[in-house]
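Commentary on secondary and tertiary structure
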Amino acid sequence: DAGVIQSPRHEVTEMGQEVTLRCKPISGHNSLFWYRQTMMRGLELLIYFNNNVPIDDSGMPEDRFSAKMPNASFSTLKIQPSEPRDSAVYFCASSSGTSGTDTQYFGPGTRLTVL
Amino acid sequence: RKEVEQDPGPFNVPEGATVAFNCTYSNSASQSFFWYRQDCRKEPKLLMSVYSSGNEDGRFTAQLNRASQYISLLIRDSKLSDSATYLCVVKWAGNNRKLIWGLGTSLAVNP
C-alpha cells in the first residue's frame, strides 16, 4: 500500500520566490497534518485538516504561509514570498478514525532550502 | 517551561546495554502519550503508545507517571539498529488531534 506521498523531495529556491509543497494522504484517512522540523525547534504543527476542513492553523507562522485541501486526496502548503528562515524539512502526515489518538503516518518530507 | 521536554543526548551505549529515556510534560490535562522513532533524514514513525498501566513490546517498555508528569522508554538488549532519535509525543485532552512533540533524544548504539 502506498504511504503518504510528498513532492518535491528537495527544493532549493531563492528568497522571494513562491514555493508549493504537495501531499497525498493515505487513502481513507480523514485527517491531514502539515509539520515543519528544524534542529532548533523540532517538529512544529503548522496546520491540520479534518475531512478537508482546516481545524487548527494556529501554528502557521505568518501570512506568507497558506494551506489548502481541495479534496480528500490532495493538499498543498504554499510559502509566498519565501525567506531563508523558512529553510526546514516539511512533513505531511495523515491519520484515520475519530478518537484523536490515532497513529499519524508521515510522508518522507520535503527538504526546503531558501537561499 | 517547554510543553514537552526531553534530554537531547546523545546517549552512546554498547550493543546489549539497557538504556532509558525520560520525558516530562507540563500540561496535567494531557491525555495520550506516544513514543515515535526517527531515523536520520527520515520521517518519524510510531514506536509505541504509552498506557497508564505501562506496556511492553518486545525489548521496549514504556511507563507513565501521571503524578510526576513524565513518561519513560526502556530499551533492553540494545541493537545497532536501535540507533535513532526517539520523540516523546503528548496529546492534550479535548477534541482536537493536535500532538505536542518533544525535540527528541538521540541514541547511538555502538558495536
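The rules behind each value
- Residues numbered from 1 in each chain as written.
- Chains lettered and ligands numbered in written order.
- Predicted model: local features only at pLDDT ≥ 70, side-chain atom pairs only at ≥ 80, totals over all residues.
- Heavy atoms only, no water.
- Pairing = 2+ DSSP bridges.
- Helix = DSSP H or I, 4+ residues; strand = E, 2+ residues; numbered from the N terminus.
- Axes fitted to C-alpha atoms, helices over the stretch in contact; angles between N-to-C directions.
- Contact = heavy atoms within 4.5 Å.
- Buried area = accessible area lost by both parts, 1.4 Å probe.
- Salt bridge = Lys/Arg side-chain N within 4 Å of Asp/Glu carboxyl O.
- Polar contact = N/O pair within 3.5 Å; in protein donor to acceptor, adjacent residues only side chain to side chain.
- Nonpolar A, V, L, I, M, F, W, Y, C, P; charged D, E, K, R; others polar.
- 1 Å grid on protein atoms, 1.4 Å probe; cavity = no way out; pocket = protein on both sides within 12 Å on 5 of 7 lines; lining within 4 Å.
- Points joined across faces, edges and corners; volume = space filled by probe spheres on them.

Right, let's talk about the sheet that holds strand β1 (residues 4–6) of chain B for a bit. Residues and elements named next belong to chain B. Read from one edge to the other, the open sheet built from five strands follows the order β1-β3-β8-β7-β6, with strand pairing classed as antiparallel. Every interior strand has two partners, whereas the edge strands, β1 and β6 (55–57), have only one. Strand-to-strand twist in this sheet, taken as the mean axis angle between neighbours without regard to direction, amounts to 20 degrees. Relative to strand β3 (residues 19–25), β1 is paired through three bridges, and the arrangement is antiparallel.

Before going further, it helps to examine the interface of chain A and chain B. With 29 residues of chain A at the contact, the number on the chain B side is 17 residues. Carbon and sulfur atoms supply 53% of the area that chain A and chain B bury against each other, a total of about 1800 Å² over both sides. In this assembly, chain A and chain B are joined by zero salt bridges. At the surface where chain A touches chain B, the tally comes to three residue pairs in polar contact (both at pLDDT 80 or more). Elements represented by at least two residues in the side of chain A that touches chain B include exactly β4 (31–38), β5 (42–50) and β9 (88–95) of chain A. The leading source of residues in the side of chain A that touches chain B is β5(A), at five residues. Grouping the constituent residues of the side of chain A that touches chain B by class yields nine nonpolar, 16 polar and four charged.

What follows deals with the layout of surface pockets. Considering only enclosed or pocket space, the largest pocket measures out at about 1200 Å³ in volume. Taken together, 46 residues make up the lining of the largest pocket; nearest its centre are Gln37(A), Thr38(A), Gly42(A), Leu43(A) and Leu103(B). Secondary structure elements with two or more residues in the lining of the largest pocket: β4, β5, β9 and β11 (110–114) of chain A together with β1, β9 (84–92), β10 (99–101) and β11 (105–110) of chain B. Classifying every residue of the lining of the largest pocket by side-chain character gives 19 nonpolar, 16 polar and 11 charged.

Read these as spatial facts, not as claims about activity.
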